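Understanding the architecture of this molecule
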Amino acid sequence: MADGGPGAHDPGMKYLTQAQLDRFNQDGYLVIDGFLDPAEVTRVEADIARVAASAIGMERNRGAFSLEKVGDESFNAEAPAKRPGMLRKIQNAVMEVPEVRNTFTSEKILDCMEDLMESDIYYHSSKVMFKPAGGGAPKPWHQDAAYWTQYASNQITVWIAIHDAKAENGCVWAIPGSHKLGLIPHGEIELQVQDAQIDASQAIPVPVKPGGLLIFHSLVLHMSHKNTSNQDRWAIICDYDCLPNPVLDEWKGRGIDGIDERGVWTLRKRAAVPV
Ligand SMILES: O=C(O)CCC(=O)C(=O)O
């Protein structure tokens, strides 16, 4: 095994190597190839396709499903014109797609999070991001922490490629080290920062092969371009929290394994350190 993974970790680490952790701290993000094997990727993709089939012909956003908008109007949440049946997102994906939940609650991903977080590990949010061929809209520059200012923020985002994500089909771009800038003011229409506020010349594409993992600090500046290619670019995304911030109100008290009466979903409690 070239880089990280079970069995390749350094002493004291559960999944990552010390070199990967150093890179994450330096750049604010990290790519790990082959985190899911091809059979796992196929399983997740098939389950997403099964759930997405219920959106065929859908003409407006419904429940967890959001459609792509006509043109490049990704920035205007109220833009009325949708592309019928062209899915942009499934929100709360862990509740909608069982294979996504299995992936994001697996021991290996929690081992990886344990190397990055010094706390218990809590669920924060999740989605499937489709960015379909021939029209998947851009996502402007932003820091994920800007979405979560009502929470004490110290989240980590995990982004897993289901299809080959490359510059041609709208892979993520990031500015290495930008997590050290702190939170930059974001505009109010689809939270975004303007190019004039940042040094976009430092941005680099972050291609990820199917099954590869991209891990972000919640302050890293990142974006993605429109997908004008003929290849879909699906990704699954989960945000893990270091603090017991409650998840969605409607999940409370529904008896979902691990979600307590406050609405906090503890995914892993750290082993007590012997005294
Ligand atoms: O998948 C993408 O294109 C970017 C997604 C992203 O940055 C986000 O949802 O915060």
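Residues numbered from 1 in each chain as written. Predicted model: local features only at pLDDT ≥ 70, side-chain atom pairs only at ≥ 80, totals over all residues.

**Thoughts on the overall build of the protein chain**
- Per the secondary structure count, the protein chain includes five helices and 12 strands.
- Scored against the burial criterion, the 275 residues of the protein chain give a buried share of 39%.
- Taking contacts inside the protein chain between residues at least 6 apart in sequence as the whole, the part at least 24 apart equals 78%. (Helix = DSSP H or I, 4+ residues; strand = E, 2+ residues; numbered from the N terminus. Buried ≥ 20, exposed ≤ 12 C-beta atoms within 10 Å, placed from the backbone. Contact = placed C-beta atoms within 7 Å.)

**Topic: unusual backbone geometry**
- A positive phi angle, near 50°, is found at Asn92, a position not held by glycine.
- Along the chain, the position of Asn92 falls in the loop between strand E3 (82-91) and helix H3 (93-96).
- Since 19 C-beta atoms lie within 10 Å of it, Asn92 is described here as partly exposed.
- Positioned with a positive phi, Lys131 is a non-glycine residue whose angle comes to about 40°.
- Summarising the element assignment, Lys131 is placed in the loop between strand E4 (121-129) and strand E5 (139-142).

**Looking at the nonpolar core**
- Core analysis: the largest hydrophobic core is formed by 63 residues, its most contacted members being Val128, Val158, Ile160, Leu214 and Ala235.
- The contacts of Leu214, once residues within four sequence positions are left out, are Tyr29, Val31, Trp159, Val172, Val206 and Val208. (Core = buried A, V, L, I, M, F, W, Y, C linked by C-beta atoms within 7 Å.)

**Let's talk about the site of the ligand**
- In the region of the ligand, the neighbouring residues are Met129, Lys131, Lys139, Asp144, Val172, His222, Ser224, Ala235 and Ile237.
- Within the residue set of the shell around the ligand, elements represented by two or more residues are strand E10 (222-224) and strand E11 (235-241).
- Across the shell around the ligand, the residue classes break down as four nonpolar, two polar and three charged. (Near = placed C-beta within 6 Å. Nonpolar A, V, L, I, M, F, W, Y, C, P; charged D, E, K, R; others polar.)

**Digging into helix H5 (residues 107-116)**
- Turning to H5, its buried residues are Ile109, Cys112, Met113, Asp115 and Leu116. The arc that holds every buried residue of H5, seen down its axis, measures 155°, which confines them to one face.
- The secondary structure elements touched by the buried residues of H5 are helix H1 (18-27), helix H4 (98-104), E4, strand E6 (156-161) and E11. (Arc of directions from axis to C-beta.)

**Examining the environment of Asn169**
- For Asn169, the position within the fold is in the loop between E6 and strand E7 (172-174).
- Through-space distance from the C-alpha of Asn169 to that of Asn227 is 4.6 Å; in sequence the pair is 58 residues apart.
- Apart from residues no more than four positions distant in its own chain, Asn169 is found in contact with Asn227, Ser229, Gln231 and Arg233.

**So, the confidence of the model for the protein chain**
- Looking at the protein chain, the pLDDT average stands at 86 and 85% of residues meet or exceed 70.
- Long-range and interchain partners of residues 74-80, a stretch whose pLDDT sits below 50, account for 14 contacts in this model, where long-range means more than four residues apart. (pLDDT = per-residue confidence, 0-100.)

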